[in-house]
Amino acid sequence: MLDLRPIPANVSSTAAAKLPRFLLLAILILFIVPGLFDRAVWTVREGAAFGQFWEMAHGDFVSWLFPMASGLVITDHGPLSIWAGAILMRLLGNEFTPVVAARITACLWFSITTASIWYGPWSLARRKEAQPLGTIFADQATYRDYGRMVADAATLFFIALFGLVIRLREPTYDSAELAFCSLAFFSCAWALTRPYFGAALAGVACAGLMLTASLILGIAALLACLFSFLMLPTRGKTDKKLIVTLAVTVLLFSLWPLAAWVTSSEVISDYFLLWAQKQVEYFGFLSFEEQDWFVRHVLWYLCPVWPFAILGFVKWRKHKTAPFMALPVVFLSVWFVGFLVSGSLNAEDLLNLIIAPLCTVAAFGLISAKRSFQSMLDGFALTITTLGLLGVWAYWLAWLMGFPPKMAKSIINLAPTAQASEAGFLGILLALTATVAWCWIGYKRLQRRSPVLWNGPWLSAVGMVVLWIVVVNLFTQAVNENRSYEPVGQAVRAQLDKLGFQPDDCLKTVGTSQGVASLISYYGHMPVTAGKSMVCRFELLRFDVDDKKYQPLLKDRAKDIIKRPRTDERFIVRRFYPGSFFFIESGNPQRL
C-alpha cells in the first residue's frame, strides 16, 4: 500500500552522507578548549561563579549545603553547579590554577549539552513518521544515515549560535542550566522507545535544574516532560511514566534539604526561608526590562537557527502530531507560558529551555528547504566569518605597526600597556593556520557546492570556531588587561598594606557585586565580604566616575583613586570608624 503522506523532504544517500566523526569531534574540541587555560576572568558573571567555587572548596561541610560567597547567601540559584566546580577545584587544584580548574566545569556541561542535542534529534529522526517518502528509482538514504544527518545538523546549528559564544565557555550555573534543559529534551525523545528509562532520566534532568537554577525553570522543564508523555504516543503506560518522573524529581531534589536538616537543623529554616523568598520573586508577570531585552536581542541571539526553525514549522506543519514536531512544540509552548509568568527571572536563562528543540526543528527545516535557501546559509557563514577575520587581522596589524593610527589608537585605549607582540609566535601561528584553513574551505565551497545537507551548518560552526581561535590567540592579552580585575585587586592590597592591614583583618566592599568582591579577594589574597551586616576595619568603596556625589573626591583625592581602565568604575580604600567614615592618606584619617 502506498504511503501518501505529504513529506516535505526527499533525502538521497548522497545528501545524507556521513560527516566524519573526527571532524565533528574536532569542531567540538576546538570550540571549547581555546581560551580555557590562558585567559583571565573576563566577565563578572564568571567571577561570581569562581568566588562561589572557591569558598565552597575551602569551606566546611555546612558551606556545601548553604552556599555563600563574599559574605552573601546564594539564593538566586541552587548549589549543584557550585558543587561540581568546588569538587573539580579540589581534585585538579594541584595540576591547574584555581581559575582553570573551575573553568573545566564548563567542559563538563558542554559535553552533556552537545550529547543531548545530538542524541535527541537522532532518536526522533529515526522514527518511521519522520522518514522521507521513498520512491522507486531514488537512491534513498537509510533511516540510520538520515537520523545521523539530522543529529549532525542540529549539533552544528547549536555550535553556530551567536548568543552562546561566551556563555558556553563560562563555568556558571547558566551553562549547567542549558545542559539539564537539553538533557530533559533528550529524555523525552528517548522515552519514545525506552519509556521508563527515559522517564527516569527526565526526572534526573528536572531535579538537576531545580538544584542548579531556579525553581520556576525546573517546574517548566518538568511540565514539558509530563505534557510530552501525555500527548505523544509512546510505549509503556502513561501513568507509570508520570509517576516515575515525578518520583525521581522529588527524591533527588529532596536530598539537598534532607542532608541540610540532618547535619545543620539549627540554620536550615533561616537559609531555606531566604531561598524560598527569592524563588517566589521569580513568579509573576514578566518585567518590562526582560521584555525589552528579549525584543532587542532574540534575533541575533538565536541566529542562524531561527530562520530554519520557522521554516521547519511551516514545512512540516501537516506532521504537527508526529513526535519529531510535537515534542519541540510542547517545550516551546511551556517556555512561552513560563516566559509570561517568569517575573524577574532573566529572559536569557529561560531561553535555555528551547535551545535543543529549536536546533532540532531547524535541522528538519534544513532538509526540507529549497537549494537556494540552503545556499543562503552557506553564503551567510562565508560572508560573516570572512568579514570578521578581515576586521580582526586589520586591527591586530594596526596595533602592531601603529598604522592606520585611528585603528591602532582604539586598541591602545582599550589596553594601554598590552603589546601586539605578546600574542607570541605560537599564538600568531595558530591564528594564521586557522585563517588559512578557512580560506581553503571557503575556496572549495565557492568552487563547488557540496551535495550533503549538513554543509551549511558545518560552515557556520567552523566559522564560529575559526573566529574564536583567531581572537583568542591575537587579543587575549588586550582583553585580559581591559576586562580583568587583577590590577584592581593588587592595587587595593597595596594600599591596605600601607595602612597596616593584618592577616586577621577583612575588607568590606560597598557598591560592588558578589562577583567583583570575589575577584578582588582572589587577586588581592585577602578576605573580602560584600555583606551589609558585616563589619571590617577597612572598606572598599566602588562608585561611577560620573556620580555627582563623588566629584569632590575625584578632584581632591585623585592620586588615591584606583581606576579600572576604559570603564567608569572607580575604587577607593577607607577605614571604618563607628559613626563616620574617613579616608586615609599617609596614615592620617581625614573625613570623607
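Before reading on, note that the structure itself is shown above.
Notes on the structure follow. Keep in mind that what you see is a predicted model, and the values were worked out from it rather than measured.

So, on to helix α2 (residues 44–57). The end-to-end C-alpha distance of α2 is 20 Å, a good match for the 20 Å that 14 residues give at a rise of 1.5 Å each. With 10 of 14 residues buried, α2 is to be regarded as a mostly interior element. Along α2, the positions that sit buried rather than exposed are Glu46, Gly47, Ala48, Ala49, Phe50, Gly51, Gln52, Phe53, Met56 and Ala57. Looking at the buried side of α2, the elements it contacts are α3 (61–65), β1 (68–69), α4 (80–92), α5 (98–125) and α22 (514–524).

With that settled, consider the state of the cysteines. Tallied over the full model, the rule gives one disulfide. Each sulfur of the disulfide joining Cys506 and Cys536 lies 1.9 Å from the other. Of note, the bridge from Cys506 to Cys536 carries an S-S torsion of about -110° and is left-handed in sense. Remark: Cys536 occurs in the loop between β4 (528–529) and β5 (538–544) and Cys506 occurs in the loop between α21 (486–498) and β3 (507–510); sequence separation between them is 30 residues. With respect to class, Cys506 is no different from Cys536; both count as buried.

Another point: the side chain of Thr385. If you trace the backbone, Thr385 turns up in helix α17 (residues 371–401). Every residue in contact with Thr385, bar those within four places of it in the chain, is listed here: Trp438, Gly463 and Leu467.

On to the layout of surface pockets. Quantified by volume, the largest pocket comes out at close to 510 Å³. What lines the largest pocket is a set of 25 residues, among which Leu30, Pro34, Ala434, Val465 and Ile469 lie closest to the centre. Contributions of two or more residues to the lining of the largest pocket are made by α1 (21–32), α19 (424–447) and α20 (455–483). By residue class, the composition of the lining of the largest pocket is 20 nonpolar, four polar and one charged. Space inside the second largest pocket adds up to approximately 420 Å³. For the second largest pocket, the lining is made up of 27 residues, of which Arg45, Asp76, Tyr173, Asp174 and Asn346 are closest to its centre. Those elements that provide at least two residues to the lining of the second largest pocket are α2, α7 (173–190), α12 (288–301), α15 (347–350) and α22. For the lining of the second largest pocket, the element with the most residues is α2, which contributes five residues. The residue makeup of the lining of the second largest pocket, split by class, is 10 nonpolar, nine polar and eight charged.

Closest axis-to-axis distance for the helix α10 (residues 238–263)/helix α11 (residues 265–281) pair is 6 Å, and the angle between their directions is 140°. Classed by the angle they form, the pair α10 and α11 counts as oblique. In this structure, α10 uses Phe253, Trp256, Pro257, Ala260, Trp261 and Thr263 to contact α11, whose residues at the interface are Ser265, Ile268, Tyr271, Phe272 and Trp275. The residue makeup of the contact of α10 with α11, split by class, is nine nonpolar, two polar and no charged.

A cluster of nonpolar residues, Ile219, Leu223, Phe227, Leu230, Met231 and Phe283, forms a patch on the protein surface that exposes about 560 Å² of accessible area. Looking at the secondary structure, you find Leu230 in helix α9 (residues 215–231).

As a further point, take the environment of Ile572. Looking at where Ile572 falls in the secondary structure, it is placed in strand β7 (residues 569–577). The class of Ile572 is buried, set by a relative accessible area of 0%. Placed 521 residues apart in sequence, Ile572 and Gly51 show a C-alpha to C-alpha distance of 22 Å.

Rules of the game
Residues numbered from 1 in each chain as written. Predicted model: local features only at pLDDT ≥ 70, side-chain atom pairs only at ≥ 80, totals over all residues. Heavy atoms only, no water. Helix = DSSP H or I, 4+ residues; strand = E, 2+ residues; numbered from the N terminus. Expected span 1.5 Å × (residues − 1). Buried < 20%, exposed > 50% of the residue type's maximum accessible area, 1.4 Å probe, protein only. Contact = heavy atoms within 4.5 Å. Disulfide = S-S within 2.5 Å. 1 Å grid on protein atoms, 1.4 Å probe; cavity = no way out; pocket = protein on both sides within 12 Å on 5 of 7 lines; lining within 4 Å. Points joined across faces, edges and corners; volume = space filled by probe spheres on them. Nonpolar A, V, L, I, M, F, W, Y, C, P; charged D, E, K, R; others polar. Axes fitted to C-alpha atoms, helices over the stretch in contact; angles between N-to-C directions. Parallel < 35°, antiparallel > 145°, perpendicular 65-115°, else oblique. Patch = residues over 30% accessible without salt bridge, like charges linked within 9 Å, V, L, I, M, F, W, Y side chains within 5 Å. Areas by Shrake-Rupley, 256 points an atom, 1.4 Å probe, with all protein chains shown as cover. Salt bridge = Lys/Arg side-chain N within 4 Å of Asp/Glu carboxyl O.

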